Structure formats: C-alpha cells, structure tokens
Amino acid sequence: MAAAFAAIGGKWKLTLLYWLAHGECHFAGLRRRGTPITAKVLAEQLRELEADGLVERVVTGPVPARVLYRLTPYGTTLLPVVEGVRVWGEAHLRHTRGGTAPDPAMSCTDAVV
C-alpha cells in the first residue's frame, strides 16, 4: 500500500490521471480544468507522475515549445484503479448528500475504462 500511495497519493494525481485518460493535454489545458490547482502544485504533481513512469512529457517543437502530457502504457495500468475511485466517489457524494445530485464541479462522470 505504501508504494501505491507514494506513486498516486496526493490531492491531484488521480484527477490528473483521470483527465489524461481522456487524451493528452498541455499544461495550460490541465491548469484550466483544475482551476483550484496552482501552477506550482500542478508542475510538482506532473513531475512526480513522470518520475514514476506514469505520465510522459512530450515537447512538440523548438523553444518555446508546446509541451503535452499523456499517460504512458504503464500509466494506463492504473485506469481500473482510477475508474474504481471515480465510481466510489460518485456513490459517496450521493450517500453524503442524501441522494441529491453531486456538485458538477466535483463530478467526473465519464468512465475511463
């Protein structure tokens, strides 16, 4: 468990994996999706995911180049975990809100597997 939490623990890592499961994205695009996340924290989380081989950083040209982030084949092995957490989170929101619809800002309704 400790190794798993070291790799995917953190406030944003599972969310980043979820977003990247739906396609590669540049830094600014990820930043816009997670408006409460600061650029510094986003960069840290992406660097850690990259260091663990889950995400790759792809430079698309000469400086200043647009940089894309995407899941590695190894990163895609986490998609069943991400999907399980997503489903549980939706059920948890319904449970804790007495069956009311989840807040759209907290909702991730598209399956990843």
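1. Considerations on the overall build of the chain
Of the regular secondary structure elements, the chain holds six helices and three strands. Ordering the α and β elements of the chain from the N terminus gives α-α-β-α-α-β-β-α-α. Each of the 113 residues in the chain was classed as buried or not, and the buried ones make up 32%. In the chain, of all internal contacts separated by at least 6 residues, the share reaching a separation of at least 24 is 50%. Within the structure as shown, the chain displays about 6,900 Å² of accessible surface, and the carbon and sulfur contribution to it stands at 60%.

2. Describing the pairing of strand 3 (residues 67-71)
Burial within strand 3 is extensive, with four of its five residues counted as buried. One ladder, built from two bridges, connects strand 1 (residues 25-26) with strand 3; its direction is antiparallel. Bridging from a neighbouring strand, Cys-25 pairs with Tyr-69 of strand 3. Inspection of the sheet shows strand 2 (residues 55-59) paired to strand 3 by five bridges, in the antiparallel sense. Note on strand 3: the bridge partner recorded for Glu-56 is Arg-70.

3. Section: the pattern of salt bridges
Within this structure, the stated rule accounts for four salt bridges. For Lys-13, the salt bridge is made with Glu-48, and the minimal N-O distance between the two is 2.7 Å. Residue Lys-13 is located in helix 2 (residues 13-21), and its partner Glu-48 is located in helix 4 (residues 39-51); the two are separated by 35 residues in the primary sequence. When its relative accessible area of 2% is taken as the criterion, Lys-13 is described as buried. Glu-83 is the partner of Arg-86 in a salt bridge, and the nearest nitrogen-oxygen pair spans 2.7 Å. Pair noted here: Arg-86 and Glu-83 are both in helix 6 (residues 79-96), with a separation of three residues, about one helical turn. When sorted by exposure, Arg-86 lands in the same class as Glu-83, which is buried. If you follow the salt bridges from partner to partner, you end up with Glu-24, Glu-56 and Arg-70 in one network.

Cut-offs and rules
- Residues numbered from 1 in each chain as written.
- Predicted model: local features only at pLDDT ≥ 70, side-chain atom pairs only at ≥ 80, totals over all residues.
- Heavy atoms only, no water.
- Helix = DSSP H or I, 4+ residues; strand = E, 2+ residues; numbered from the N terminus.
- Buried < 20%, exposed > 50% of the residue type's maximum accessible area, 1.4 Å probe, protein only.
- Contact = heavy atoms within 4.5 Å.
- Areas by Shrake-Rupley, 256 points an atom, 1.4 Å probe, with all protein chains shown as cover.
- Pairing = 2+ DSSP bridges.
- Salt bridge = Lys/Arg side-chain N within 4 Å of Asp/Glu carboxyl O.

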